[in-house]
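Here's the letter readout for the chains.
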Amino acid sequence: VQLQASGGGLVQPGGSLRLSCAASGRTFGGRYMGWFRQAPGKEREFVAAIPWSRSTTYYADSVKGRFTISMDNAKTTLYLQMSSLKPEDTAVYYCAAATSAITSTIRSSNAYNSWGQGTQVTVSS
């Protein structure tokens, strides 16, 4: 499946953004969907994940309580609602799909086999 991320931009500290990730023409069809981010000079890090069933959600400690991951009923669009943004949230955000991951591995980028192209989020005054 091909993924297309969008919604990034420049926002002031404390502001909000909603990222979207659309699957090309069909449902995601995977076991988990996730968001990762990569800041300049840093490794790609886990942000949030949601299983195909949408029964629960998983978050990095750094974003818990501020970010919300969700998936639409048709399971063709993944979202990341980001609130109370901080300068340290500045990064390129990637959506990803894992077709055979298990729960214990979903915080690792290695568990995901399809990736979107990334969308830049800049938090600055």
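Definitions and limits used
Residues numbered from 1 in each chain as written. Predicted model: local features only at pLDDT ≥ 70, side-chain atom pairs only at ≥ 80, totals over all residues. Heavy atoms only, no water. Core = buried A, V, L, I, M, F, W, Y, C linked by side-chain atoms within 4.5 Å. Buried < 20%, exposed > 50% of the residue type's maximum accessible area, 1.4 Å probe, protein only. Helix = DSSP H or I, 4+ residues; strand = E, 2+ residues; numbered from the N terminus. Contact = heavy atoms within 4.5 Å. Phe/Tyr/Trp six-rings, centres within 6.5 Å; stacked < 30°, edge-to-face > 60°. Lys NZ or Arg CZ within 6 Å of the ring centre and 35° of its normal. Disulfide = S-S within 2.5 Å.

1. Some words on the nonpolar core
- Formed by 40 residues in total, the largest nonpolar core has its most connected members in Trp35, Leu80, Met82, Tyr93 and Tyr112.
- A per-element tally of this core places strand S9 (residues 91–98) first, with 6 residues.
- Not counting residues up to four positions away in its chain, the partners in contact with Tyr93 are Leu19, Trp35, Phe36, Arg37, Val47, Phe67, Leu80, Met82, Gly118, Thr119 and Val121.

2. Comments concerning the packing of aromatic side chains
- One pass over the structure, following the stated rule, counts 6 aromatic pairs.
- By the ring-pair criterion, three or more aromatic residues cluster together here, those being Phe36, Phe46, Tyr94, Tyr112 and Trp115.
- Over the aromatic face of Tyr94 sits the side chain of Arg44, whose NZ or CZ is 3.8 Å from the ring centroid.
- Above the ring of Trp115, the side-chain terminus of Arg44 is found at 4.7 Å from the ring centroid.

3. What about the state of the cysteines?
- Following the criterion strictly, the structure yields 1 disulfide and no others.
- There is a disulfide in this structure between Cys21 and Cys95, and the S-S distance comes to 2.1 Å. Disulfide Cys21-Cys95: torsion about the S-S bond near 65 degrees, hence right-handed. One end of the pair, Cys21, is in strand S3 (residues 17–23); the other, Cys95, is in strand S9, with 74 residues separating them in the sequence.

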